[in-house]
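Tertiary structure, described
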Amino acid sequence: MARIGVFVCWCGSNIAKMVDVKKAAEIAGGFPNVVYSADYKYMCSDPGQNIVKDAIREHKLDRVVIGSCSPRLHEPTFQRCIGGADLNPYMVEMANLREHCSWVHDDREKATDKAIDLLRMAVAKVASDEPLYTTKLPLTKRALVIGGGIAGIQAALDIANAGYPVTLVERTPSIGGHMAQYDKTFPTLDCAACILTPKMVDCASNPNIQILSYSEVEDVSGFVGNFEVKIRKRARSVNFEKCTGCGICYSKCPVRKIPNEFDEGIGDRRAIYVPFPQAVPNVPVIDRENCRWFKEEKCRACEKLCPSQAIEYDQEDEILTEKIGAIVVATGFKTWDHSAIGEYGYGKYKDVITSLQFERLTNASGPTEGKVARPSDGKTPETVVFLSCVGSRDENHGYPYCSKVCCMYNAKQALLLKDKVHDANAYVFYMDIRANGKGYEEFVKRTIEDYGATYLRGRVSRIFESDGKLIVRGADTLAGVPVEIQADMVVLATAMEPQTDAKEMARKLGVSTDQHNWFTEAHPKLAPVEALTAGVYFAGACQYPRDIPDTVAQASGAASKVAVLFSKDEITSEPMIAYIQESSCAGCHLCASVCPFTAIDMVEVTDPRTKKPKMVARVNAGICHGCGTCAAACRSQSAKLRGFEDTQILAEIEALAEITSGF
Amino acid sequence: MDIQEIRNKAKRLLESGEVKVVVGYERGSTESKSTPAFIESPDDVDRLIWDATCVNNLAAYAIQEAKNGGVAIIARDCDARSIVMLVQEHQLDKDAVRVIEVPDETQWADDPALPESLEERRAFWAKEFEKCTRCYACRQACPGCFCNTCFIDRIVPRWAAKRAGASDAWMFHVTRAMHQAGRCGDCRECSRVCPVGIPVHLLAREIETFVGELFDYKAGMDMDADPVLGTFTPEDPDPNEHGG
Ligand SMILES: Cc1cc2nc3c(=O)[nH]c(=O)nc-3n(C[C@H](O)[C@H](O)[C@H](O)COP(=O)(O)OP(=O)(O)OC[C@H]3O[C@@H](n4cnc5c(N)ncnc54)[C@H](O)[C@@H]3O)c2cc1C
Ligand code: SF4
Ligand code: SF4
Ligand code: SF4
């Protein structure tokens, strides 16, 4: 026979003002198997917890009901409390007399009746509770950071400085991401290279950081603390150890006119190249699609000229398998390809360019060495029109959301234009100016007032070429007049969008994406850096458009989450998780497909009855969050949730309905 | 469809070794009956018949037979949908099953008209369920009921009393119908085998109508599609807003 104690809390006056706590405790004292009941002002306080502990010892209680607040708040408190009196911590049930009762009712008599019902249900449930035990799982203290933009760099540095090893995987030949493309950054106009390059170099020299550039994550399996990650290290064709970064190879490579991805196609690179001079690692790669040796079996110039014999044409892709404890996803963004739409003449007129291309035109180490020159003829443009919201806030062609940074970099670019070409005219078309950050409003004001950029509120309807000029037609909705500008160059602030392979990456990681394919955080307010999958965190613009200050803040946030995880030596797995009754499982996969955490795998077992192999579901204790979705879905009721067994829930329902006959 | 054509197809499949067994129909104890036939040798294909007496959905046999090697099933459209559903739910290996399609020439009995008003409908089913002896013939015949342990047979917890009785029959039939959501191909085996003539299939059919309206999904049409209740997208409609 169970020996249950019921403890009713007043919560000061929070519960007591609407519930007759004395009466509730007294009546609960008469419920089946209840041998003791009490009430107290603050059950969660030290004296309150002592009342519980003393009663456990004195009355030999083996399970406990606490009538107080939400279990979200104090279930762990009371689990610890009864654990301190040598009971299994899971032999306590909470009846939520506050959120579910006193706070939401105004009739004291009825609220008291309801409180008594809630206590009766909890007593019925606790009677069928069974002791549960946490399990310890091992923990590998190595982090994986995917993406080497400013987000990945910051996260890797913070984790490494906390003392943990990091593998930083970057797809392109160099870390740096988008920030490395810029000359100056808003709102302070810091030189991007001056603040980014030192961090890149820190990454390379930090003994805790292993940079795998020109590499990609192929596969992720396992769970928090125990991921196994397969990384494809693409063949660089250059020996990492031998290369000194002297650059002779790429200065002599005869294949010249390959549009450089890093320059957004504005500048060229060779077939053997580093994307930009400050690249980290400063080891070139051979682009095999364009290399003459790989295409025509001719050349081998780089091999002949390399003073360190570092060229290795026969290198092959390597697959590395790493044991990883936590993953930071920092894969960033790409910009929307506007040419598909055709509007505004991007792709048709050479001098209609994107903002990223403009960044390269202003960059001192870019293809024009920082000289603003228009792509068609290299002339310095006198009139430049900047268009905001190209594909952002545009449900018809692009995305409904605001890309958040465009208003600011438009201002930055207009300012840089005026700074570099003093008598140039800068026009900015905008819908409204969104400059909500520290120093942002002031920055836009400076562009307009000190640098004389002309801001026009309205959309551009058409751009066409006439007499060597780009005619920009639009409206100034504030003045209520149509405008026509004869421009030399037009810059499109194209929307930020997720990487093309974001969905694929999400699938590998077992995380989810929203309707646009941005990664989804566990909670938009209270868990903004965590994925729903334990041990996976997000940093930077892979989750949503954001600027560098926000990206860095989030990256440090993600890094600190990793450090907290790694500060323990083992992972404690919660016992209130799902399990499968294999004998009845039909192997239909339904539970596996509904599990939001991909905690269920299908495995082959031998059916004890038929001695034949059969497929059954199996719950991975390290991944399961105990949400119960599988238990609700399984038709044969083979998926079950510890602590919430059907029998326990039914006991509560029966108690509520006062069914005493039983089934 | 010409019976010879079916026999030839069966023969070819057996001769080529593509399948180990063809499940079809043969003459039963009387001229007016057929019974499932399991043909393992090309020489036996002449036992196969195809006429108005061939009414069983043979899909459920596929699960067992496919475990011993390839199986071909003679199937009408509705039966083929069961097979697709079984593949979707990993009960059948796509490569181990062949379908010999036959046109649906079944003389289906007329469905009773369901009353419009919910009150009258409740009364209609209450009357039907009075008759149910809980013999579970419907469940045994349904290709969707492949669970090893049916919820209704569970002892802990027990969802319905062992004895027959209208309220326990409600529990069984309504839950079973819910379990068919997005999976029933409308083969009507459940009603055909019911010894007391309850039109059980109408329950599953009603659920299928909802599934179609809510999710634009029809059961058993695409082997590669995820089962509709196993997927979720934020765009999914909220059944509560559809009077569900
Ligand atoms: C034109 C323009 C100008 C801007 N100017 C400013 C400014 O002045 N100030 C400011 O604060 N913000 C500015 N921003 C915003 C800024 O670019 C972003 O805030 C910042 O780049 C986000 O950093 P990130 O590391 O999250 O992403 P990214 O910079 O996009 O870096 C992501 C990295 O991950 C790598 N990667 C992607 N997928 C994979 C994969 N599957 N495996 C491995 N690696 C992968 C990429 O190659 C890349 O190196 C500007 C944006 C634009 C478009
Ligand atoms: S839903 Fe149930 S029967 Fe299907 S695989 Fe999962 S546990 Fe097994
Ligand atoms: S309880 Fe939730 S998280 Fe755990 S296996 Fe079931 S569906 Fe997945
Ligand atoms: S009609 Fe009846 S037997 Fe056929 S699949 Fe539907 S529920 Fe099952």
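Treat the numbers as computed from the prediction; the structure is a model and nothing was measured. Numbering of residues starts from 1 in every chain and runs along the sequence as written. Each chain is given a letter, starting from A, and each ligand a number, starting from 1, according to the order in which they appear as written. Local features in this predicted model are restricted to residues whose pLDDT is 70 or higher, and side-chain atom pairs enter the listing and the counts only when it is 80 or higher, whereas totals over whole chains, interfaces and linings include all residues. The basis for the side-chain values is all heavy atoms of the structure; hydrogens and waters are excluded.

1. Regarding the pattern of salt bridges
For this document, the term salt bridge refers to a Lys or Arg side-chain nitrogen within 4 Å of an Asp or Glu carboxyl oxygen. Scanning the entire structure with this criterion turns up 51 salt bridges over all chains. Salt-bridge contacts for R374 of chain A lead to D351 of chain A; the nearest nitrogen and oxygen are separated by 3.6 Å. Residue R374 of chain A is located in the loop between α10 (355-362) and β21 (383-390), and its partner D351 of chain A is located in the loop between β19 (333-335) and β20 (352-354); the two are separated by 23 residues in the primary sequence. A salt bridge links R192 of chain B to E189 of chain B; the nearest nitrogen and oxygen atoms lie 3.0 Å apart. Taken together, the residues span about one helical turn, with R192 of chain B and E189 of chain B both in helix α7 (residues 189-193) at a distance of 3 residues. Beyond isolated ion pairs, a larger network of salt bridges with shared partners links D351, R374, D377, K379, K469 and D488 of chain A. Counting from the N terminus, the helices are the DSSP runs of H or I reaching at least four residues and the strands are the DSSP runs of E reaching at least two.

2. Points about the packing of helix α4 (residues 108-127) of chain A against helix α17 (residues 646-657) of chain A
Packed helix pairs are specified by the crossing angle of their axes together with the interaxial distance, meaning the distance between the axes. Residues and elements named next belong to chain A. For helices, the fitted line uses only the C-alpha atoms of the stretch in contact; every axis is such a line through C-alpha atoms, and the angle between N-to-C directions lies from 0 to 180 degrees. Taken N-terminus to C-terminus, the directions of α4 and α17 make an angle of 145°; their axes are 8 Å apart at the nearest point. Helix-helix and strand crossings are classified by hand; for α4 and α17 the assignment is right-handed. Each of D117, R120, M121, A124 and K125 in α4 lies in contact with α17, whose residues at this interface are Q648, A651, E652, A655 and L656. Gly falls in the polar group here, along with every residue not listed as nonpolar (Ala, Val, Leu, Ile, Met, Phe, Trp, Tyr, Cys, Pro) or charged (Asp, Glu, Lys, Arg). Partitioned by chemical class, the residues of the contact of α4 with α17 number 5 nonpolar, 1 polar and 4 charged. Each crossing gets its hand from how the near helix is turned against the far one by less than a right angle, where anticlockwise is left-handed and clockwise is right-handed. Contact between two residues is taken to exist if any of their heavy atoms lie within 4.5 Å; hydrogens are not considered.

3. So, the domain arrangement of chain A
Split by domain assignment, chain A resolves into domain 1 (4-132), domain 2 (134-234 + 317-332 + 501-572), domain 3 (235-316), domain 4 (336-497) and domain 5 (578-642). A separation of 65 Å is found between the C-alpha centroids of domain 1 of chain A and domain 4 of chain A. Domain delimitation in this document rests on an assignment produced automatically or drawn from a domain database.

4. Some words on the interface of chain B and chain A
The partner chain A presents 24 residues to the 19 residues of chain B that form the contact. By buried area we mean the combined loss of accessible area, with a 1.4 Å probe, across both parts when two parts are placed together. Buried surface at the junction of chain B and chain A, summed over both partners, amounts to about 1,800 Å²; 54% is from carbon and sulfur atoms. Three residues, N148, R154 and W159 of chain B, lead the burial of chain B against chain A; their summed loss comes to 28% of the area buried on that side. Summed over the shared surface of chain B and chain A, the number is 1 salt bridge. R635 of chain A is the salt-bridge partner of E89 of chain B, the closest N and O atoms lying 3.0 Å from each other. N or O atoms within 3.5 Å of each other form a polar contact, as long as, within protein, one can give a hydrogen and the other can take it, and as long as residues adjacent in sequence are counted only when both atoms are side-chain atoms. Across the chain B-chain A interface, the total number found is 10 residue pairs in polar contact (both at pLDDT 80 or more). Broken down by class, the residue content of the side of chain B that touches chain A amounts to 7 nonpolar, 7 polar and 5 charged.

5. Points about helix α2 (residues 46-58) of chain A
Residue and element names in this part refer to chain A. Helix length check: α2, at 13 residues, gives a terminal C-alpha distance of 18 Å against a target of 18 Å (1.5 Å per residue), a fit within 8%. When a residue's accessible area, from a 1.4 Å probe over protein chains only, is under 20% of the maximum for its type it is buried; when over 50% it is exposed; and in between it is partly exposed. Every buried residue belonging to α2 is among G48, Q49, V52, A55 and I56, and all of these are buried. Viewed along the axis of α2, the buried residues span an arc of 125°, placing them on a single side of the element. Opposite the packed face of α2, turned more than 90 degrees from it, sit the exposed residues D46 and E58. Looking at the packing, one finds that the buried side of α2 touches β1 (4-9), β2 (34-40), β3 (63-68) and α3 (71-84). The first or second residue beyond α2 is K60, which carries a positive phi of 50°. By this rule, a helix spans an expected 1.5 Å times one less than how many residues it contains. The arc refers to the directions leading from the helix axis to the C-beta atoms.

6. Focus on the sheet that holds strand β29 (residues 536-538) of chain A
Residue and element names in this part refer to chain A. Taking strand neighbours across the sheet as the criterion, the 5 strands line up as β10-β7-β6-β18-β29 in an open arrangement whose pairing is parallel. At either end of the open sheet lies a strand with only one pairing partner, and these are β10 (209-212) and β29. Averaged over all pairs of adjacent strands, the angle between their axes in this sheet comes to 20°, without regard to strand direction. Inspection of the sheet shows strand β6 (residues 143-146) paired to strand β7 (residues 166-169) by 4 bridges, in the parallel sense. For V145, the partnering residue across the bridge sits in β7 and is L168. Across the sheet, helix α5 (residues 150-161) touches β6, β7, β10 and β18 (326-329), and the angle it forms with β7 is around 170°. In this scheme, strands are said to pair when DSSP sees at least two bridges between them.

7. A look at a negative patch on the surface
Surface patches are drawn from residues lacking salt bridges whose relative accessible area is over 30%; two like charges belong together within 9 Å, two nonpolar side chains (Val, Leu, Ile, Met, Phe, Trp, Tyr) within 5 Å. Accessible areas in this description were obtained via Shrake-Rupley with a 1.4 Å probe; residue shielding takes into account the shown protein chains only. Counted charges follow a simple rule, with Lys and Arg positive, Asp and Glu negative, and His plus the chain ends left uncounted. The atoms used to mark charge sites are NZ of Lys, CZ of Arg, CG of Asp and CD of Glu. A contiguous patch of negative charge on the surface is contributed by D106, D107, E109 and D113 of chain A. Position of E109 of chain A relative to the elements: it lies in helix α4.

8. Considerations on the state of the cysteines
By definition, a disulfide is the covalent link that joins the sulfur atoms of two cysteine residues. The disulfide definition used here is simple: a pair of cysteine sulfur atoms within 2.5 Å. Taken as a whole and judged by the stated rule, the model has 1 disulfide over all chains. Note on C9 of chain A: no disulfide assigned, nearest cysteine sulfur contributed by C11 of chain A at a separation of 5.4 Å.

9. Section: the domain arrangement of chain B
All names here are of chain B. Each assigned domain of chain B is listed here: domain 1 (3-101) and domain 2 (118-241). Taking only C-alpha atoms, the centre of domain 1 and the centre of domain 2 are 26 Å apart. Each side of the interface is counted separately: domain 1 has 19 residues, and domain 2 has 21 residues. Between domain 1 and domain 2, roughly 1,800 Å² of surface is buried when both sides are summed, and carbon and sulfur atoms account for 57% of that area. Viewed at the interface, domain 2 and domain 1 are joined by 2 salt bridges. A salt bridge links R183 to E89; its shortest N-O distance comes to 2.8 Å.

10. Focus: the packing of aromatic side chains
The description of an aromatic ring pair uses the distance of the two centres, along with the angle that the planes make with each other. Working definition: a ring pair exists when centres of Phe, Tyr or Trp rings (six-membered ring for Trp) sit within 6.5 Å. Plane angles under 30 degrees give stacked, over 60 give edge-to-face, the rest tilted. Going through the model one piece at a time under the given rule, you end up with 19 aromatic pairs over all chains. Seen in terms of ring centroids, Y399 of chain A and Y401 of chain A are 5.0 Å apart; in terms of plane orientation they differ by 20°. Their pairing is stacked. Ring geometry for Y25 of chain B and W50 of chain B: centres 5.8 Å apart, planes at 50°, overall tilted. Taken together, the positions of Y25 of chain B in strand β1 (residues 21-27) and W50 of chain B in the loop between β2 (34-39) and α2 (59-66) put the pair 25 residues apart, joining distant regions of the chain. Accessibility assignment for this pair places Y25 of chain B and W50 of chain B in one class, buried. Members of the aromatic cluster, connected to one another through ring pairs, are Y399, Y401, W518 and Y544 of chain A. As a reminder, the over-ring test applies to NZ of lysine and CZ of arginine, requiring each to be within 6 Å of the ring centre and within 35 degrees of the ring normal. Over the aromatic face of Y214 of chain A sits the side chain of R234 of chain A, whose NZ or CZ is 4.2 Å from the ring centroid. It is R139 of chain B that lies over the ring of Y136 of chain B; its NZ or CZ is 4.4 Å from the centre.

11. Structural notes on the nonpolar core
Residues and elements named next belong to chain A. Core analysis: the largest hydrophobic core is formed by 122 residues, its most contacted members being L387 and V490. With residues near it in sequence (within four places) discarded, V490 still touches D351, V352, I353, V385, L387, I463, L470 and V472. We call a set of buried residues a nonpolar core when its members are Ala, Val, Leu, Ile, Met, Phe, Trp, Tyr or Cys and they connect through side-chain atoms within 4.5 Å of each other. Counting residues in each nonpolar core, the second largest holds 47 residues, with F7, V19, V64 and M94 among its members.

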